[in-house]
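The lines below spell out each chain.
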Amino acid sequence: MQQKKIILFLLITFIASSVWLFYVSDKILDPNVGKNWWSISFSDSKSENLDFVIENHSDKDNFQWVVLSGNDTIKESDVTIKKGEISSVNVNFEDSYRNKKITIQVTSGDEKKEIYKNL
């Protein structure tokens, strides 16, 4: 009788611990819960394509982006991305910018991030 109570107690403790750990793990792995960050990256880093992605996991939702070749502005615009969303930005460029370093700057509030690609 005593052994059954001990086994039952250990089984209930194990199940409760497992449920709690799965819950905490799920919260930690969710990029939107308690976190405040955003990132930019090229859609295809190996090609000459300048299309890029903005991934937002912050409270900010207004982003301004500029594509530069040296000091020349190729293209610029604003985009609204809600928390938890990913937005693709298509950039078409002229052949006159080939064999040059292209910089993409994205700004949101007081944060600014850049990525580079040599064509």
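Quick caveat, the model's predicted, so the values are computed rather than measured.

Peer 1: Teacher, can you tell me more about the pattern of salt bridges here?
Peer 2: Once their charged atoms are close, side chains differing in charge can pair, the charge on each being opposite to the other. Evaluated as defined, the whole model comprises four salt bridges. Between Lys-83 and Asp-59 there is a salt bridge, with its nearest N and O atoms 3.5 Å apart. Taken together, the residues Lys-83 in the loop between strand 4 (72–80) and strand 5 (86–89) and Asp-59 in the loop between strand 2 (52–57) and strand 3 (62–69) connect sequence positions 24 residues apart. Relative accessible area serves as the criterion here: at 63%, Asp-59 is assigned to the exposed category. Between Lys-60 and Glu-111 there is a salt bridge, and its shortest N-O distance comes to 3.3 Å. Within this pair, whereas Lys-60 is found in the loop between strand 2 and strand 3, its partner Glu-111 is found in strand 7 (residues 111–118), the two being separated by 51 residues in sequence. In this structure Glu-111 comes out as partly exposed when scored by relative accessible area, which is 31%.

Peer 1: Would you take a moment to explain the domain arrangement of the chain for this structure?
Peer 2: Accessible area lost when the parts come together is the quantity often used to give the size of an interface. Looking at the assigned domains, one finds that the chain contains domain 1 (1–30) and domain 2 (37–118). In this structure, domain 1 and domain 2 have C-alpha centres spaced 46 Å apart.

Peer 1: Help me understand the nonpolar core in this model?
Peer 2: What tends to happen in soluble globular proteins is that the nonpolar side chains get buried as a cluster. Membership of the largest hydrophobic core comes to 18 residues, with the highest contact counts inside it found for Phe-52, Ile-54, Phe-63, Trp-65, Val-91, Ile-104 and Val-106. If you list the elements that add at least two residues to this core, you get strand 1 (37–42), strand 2, strand 3 and strand 6 (101–108). Residues within four places of Val-91 in sequence aside, it is in contact with Leu-50, Asp-51, Phe-52, Trp-65, Val-67 and Lys-75.

The rules behind the values
- Residues numbered from 1 in each chain as written.
- Predicted model: local features only at pLDDT ≥ 70, side-chain atom pairs only at ≥ 80, totals over all residues.
- Heavy atoms only, no water.
- Salt bridge = Lys/Arg side-chain N within 4 Å of Asp/Glu carboxyl O.
- Helix = DSSP H or I, 4+ residues; strand = E, 2+ residues; numbered from the N terminus.
- Buried < 20%, exposed > 50% of the residue type's maximum accessible area, 1.4 Å probe, protein only.
- Domains from an automatic or database assignment.
- Core = buried A, V, L, I, M, F, W, Y, C linked by side-chain atoms within 4.5 Å.
- Contact = heavy atoms within 4.5 Å.

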